[in-house]
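Take a look at the letters that make up each chain.
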Amino acid sequence: MPDRVDTVRKVTHIDNVRLSDDGESVIIIDQTQLPNRVVYLPLSGLDECCEAIAALKVRGAPAIGIFAGYAIYVLSRRNASLPYGKFAARFHEQKETLNAARPTAVNLSWALRRMENVVTANADLPVSEILDLLKKECLSIHREDIAMCMKISEYGLSLLRDGDGILTHCNAGPLATSRYGTALGPMLLGRERGMQFHVFADETRPLLQGARLTSFELQKAGVDVTLICDNMASIVMKNGWVNACFVGCDRIAANGDFANKIGTSGVAILAKYYGIPFYTLGPTSTIDRSCPTGAQINIELRAPEEIKEKFYREPMALPEVNCYNPAFDVTDHTLVAGIVTEKGICRPPYTESLKKLFSGQD
Ligand code: MRU
């Protein structure tokens, strides 16, 4: 019988994103190949790094940020021989290109901005020393995310009782972050401590992150997980099997509206109807204080083929049929019982509780 703690650790201590030992590449698990194959990809070119983000080989808001930090460091090393002005200009160009790979998750621009601040704040240093500082910064971004996920998991766990049923949407587990994840963290941490939950994982059309990644992670960790199609969320709630909904987030606006995987707002509306508390869990790096409400969040639109063809043996709609394929939607803050961050659980009114998280930083 495998030890419970070891079983959970096999899932929470994988290197989904890491810097290679020689610093020449960033190595990711190609999430598009899961759950059937665990393939590690070393990436070192700008185009392949952008493609990895756009194609969701690396995905999940915090993981994209961590990846971008490593990627811009790997790319900058190649410019080590340039004088500072040219080095900084090239850095800025590559940063902007990476930043444009996906628009919705704020963690991408957040991490890249942190990296660029290192370059601009140290203009008086030789480029070789700036590179050392860049390496430190991207490793810090990763290390901080690990710590944030752990704290979020603890706060999230405080909202649950042993035996609870939880519904989750998309994937906000170790693959999307570091170690325990955000929305899945409480279940993994609870399992490690001997608790058991019954988790319903929405399959998450059209890219099936719930089926391919969430049910994979929870199953491997020994958490009781049941996979459902997205349109089955209502019946499991009506059956009384769901005590709470836990989801991740890609960008939280100042008023508590937040963007997450398409279908999240539908889950929140259902939860409200059935009187089930609905929580989003994410690090403070996902809060965009410059974004007043969800209306200002840029929602990524993706290719129609993801709806009509992907994962099917043959197309499931005529080629001429129009598709609308937004990758995210915005959940209204009025539907949210709490926003769980590494600094604590924010409650409504969010304009005030979110602002308090940053007090003393302005
Ligand atoms: O398109 P994806 O798979 O990157 O979307 C991911 C999500 O919506 C996650 O819920 C979100 O990034 C939070 S990950 C901790």
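To be clear, the structure that these remarks concern was listed above.
Quick caveat, the model's predicted, so the values are computed rather than measured.

S.K.: Pulling in residues and values, what's your account of the side chain of Glu192?
M.R.: With respect to the helices, strands and loops of the structure, Glu192 is situated in helix H7 (residues 185-192). Discounting residues that sit within four places of it in the chain, Glu192 has contacts with Arg4, Val5, Val8, Arg9 and Tyr180.

S.K.: Can you lay out the nonpolar core for me, pointing to particular residues and giving the numbers?
M.R.: Phe67, Leu98 and Leu134 are the most contacted members of the largest nonpolar core, which has 40 residues in total. Of all elements in the fold, only strand S1 (17-19), strand S2 (26-29), strand S3 (40-43), helix H2 (46-54), helix H3 (61-77), helix H4 (84-99), helix H5 (106-121) and helix H6 (127-157) reach the threshold of two or more residues within this core. Ranked by the residues each element gives to this core, the list is headed by H3, at 11 residues. Leave out the neighbours within four places in its chain, and Leu98 touches Leu46, Cys49, Cys50, Ile53, Ala68, Ala71, Ile72, Leu75, Leu108 and Leu112.

S.K.: So what's going on with the sheet that holds S1? Which residues, and what values?
M.R.: In spatial order, the strands read S1-S2-S3; together these three strands make up an open sheet with antiparallel pairing. With one partner strand each, in any of the chains shown, S1 and S3 form the two edges of the open sheet. Across the sheet, the axes of successive neighbouring strands diverge by a mean angle of 25°, strand direction being ignored. Note: S2 against S3, four bridges, orientation antiparallel. In the sheet register, Val26 faces S3, and the bridge partner there is Leu43. Across the sheet, H3 lies against S1, S2 and S3, angled at about 20° from S1, the strand it touches most.

S.K.: Before we move on, can you summarise the site of the ligand with the specific residues and values?
M.R.: What surrounds the ligand is a group of 19 residues, the closest being Arg59, Ala61, Arg102, Asn260 and Lys261. Contact distances for the ligand include 2.8 Å between an oxygen atom and a backbone N or O atom of Ala61. One of the side-chain nitrogen or oxygen atoms of Lys261 is found 2.7 Å away from an oxygen atom of the ligand. Taking 420 Å² as the accessible area of the ligand by itself, protein coverage stands at 100%. When contributions to the shell around the ligand are tallied by element, the ones reaching two or more residues are H3 and strand S9 (258-261).

S.K.: So what's going on with the packing of H5 against H6? Residues and values would help.
M.R.: At a minimum axis distance of 9 Å, the contact between H5 and H6 shows a crossing angle of 150°. When the axis of H5 is compared with that of H6, the two are roughly antiparallel. Every pair of crossing elements has a handedness; the one defined by H5 and H6 is right-handed. On H6, the residues touching Trp110, Ala111, Arg114, Met115, Val118 and Val119 of H5 are Ile130, Leu133, Leu134, Glu137, Cys138, Ser140, Ile141 and Glu144.

S.K.: Talk me through the pattern of salt bridges; I want residue IDs and the actual numbers.
M.R.: What the rule picks out here adds up to 16 salt bridges. As a salt-bridge pair, Glu93 and Arg90 come within 2.5 Å of each other at their nearest N and O atoms. With Glu93 and Arg90 both in helix H4 and three residues apart, this pair spans about one turn of that helix. Since its relative accessible area comes to 46%, Glu93 is described here as partly exposed. Since its relative accessible area comes to 31%, Arg90 is described here as partly exposed. The network of salt bridges with common partners includes Arg102, Glu300, Arg302 and Glu306.

The rules behind each value
- Residues numbered from 1 in each chain as written.
- Predicted model: local features only at pLDDT ≥ 70, side-chain atom pairs only at ≥ 80, totals over all residues.
- Heavy atoms only, no water.
- Helix = DSSP H or I, 4+ residues; strand = E, 2+ residues; numbered from the N terminus.
- Contact = heavy atoms within 4.5 Å.
- Core = buried A, V, L, I, M, F, W, Y, C linked by side-chain atoms within 4.5 Å.
- Buried < 20%, exposed > 50% of the residue type's maximum accessible area, 1.4 Å probe, protein only.
- Pairing = 2+ DSSP bridges.
- Axes fitted to C-alpha atoms, helices over the stretch in contact; angles between N-to-C directions.
- Near = heavy atom within 4 Å.
- Polar contact = N/O pair within 3.5 Å; in protein donor to acceptor, adjacent residues only side chain to side chain.
- Areas by Shrake-Rupley, 256 points an atom, 1.4 Å probe, with all protein chains shown as cover.
- Parallel < 35°, antiparallel > 145°, perpendicular 65-115°, else oblique.
- Left-handed = near helix turned anticlockwise from the far one by under 90°.
- Salt bridge = Lys/Arg side-chain N within 4 Å of Asp/Glu carboxyl O.

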